[in-house]
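Spelled out, the chains give:
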Amino acid sequence: MAVKIAPTARQQFEDSSGNPYSGAKLFWYAAGTTTKQNTYTTSVGDVANTNPIILDSAGRTPYGVWLTTGANYKVVLAPAGDTDPPTSPIFSEDVLTGVND
């Protein structure tokens, strides 16, 4: 599988007071949809991340995030107790691609 690193490979998320979003969920969908789309843990693209990725106690993804080459993604950060798709997202960003894709 051809993959490109996400714009921020090991991401960290904090609230406006600087507190980490510990246990928050980072969902990855096909752009413009709520259809889940795989991301990968390595540059080889052979091991899929969980979807959602659960943030650690520091509000970070526990490993790198690699995106399928040629694919557009939507990423949604949601509180730990939210649903799929999230009903109370913290933020959503649409039409993301890997670096230099």
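Scroll up a little and you will see the structure.
Residues numbered from 1 in each chain as written. Predicted model: local features only at pLDDT ≥ 70, side-chain atom pairs only at ≥ 80, totals over all residues. Heavy atoms only, no water.

Observations regarding the environment of Val 65
Mapping Val 65 onto the fold places it in the loop between strand 4 (53-54) and strand 5 (66-68). When its relative accessible area of 0% is taken as the criterion, Val 65 is described as buried. Along the backbone, Val 65 and Thr 33 are 32 residues apart, and their C-alpha atoms lie at a distance of 20 Å. (Helix = DSSP H or I, 4+ residues; strand = E, 2+ residues; numbered from the N terminus. Buried < 20%, exposed > 50% of the residue type's maximum accessible area, 1.4 Å probe, protein only.)

Some points on the sheet that holds strand 1 (residues 3-5)
One key point about sheets: their strands pair by backbone hydrogen bonds, in either a parallel or an antiparallel sense. As summarised here, the arrangement of the three strands in space is 1-5-3, forming an open sheet in which the pairing is antiparallel. Only two strands of the sheet have a single partner each, and these edge strands are strand 1 and strand 3 (39-40). Relative to strand 5, strand 1 runs antiparallel, the two sharing three bridges. The partner of Lys 4 across the bridge, within strand 5, is Leu 67. (Pairing = 2+ DSSP bridges.)

Quick word on the nonpolar core
Ranked by size, the top nonpolar core spans 14 residues in total, and within it Leu 26, Trp 28, Val 65, Leu 67, Tyr 73 and Leu 77 carry the most contacts. Those elements giving two or more residues to this core turn out to be strand 2 (25-30) and strand 6 (73-78). Tallying contributions element by element places strand 6 first for this core, with three residues. Once residues lying within four places of it in the same chain are set aside, the contact partners of Tyr 73 are Trp 28, Tyr 29, Ala 31, Gln 37, Asn 38, Thr 39, Leu 67, Thr 68, Glu 93, Asp 94, Val 95 and Leu 96. (Core = buried A, V, L, I, M, F, W, Y, C linked by side-chain atoms within 4.5 Å. Contact = heavy atoms within 4.5 Å.)

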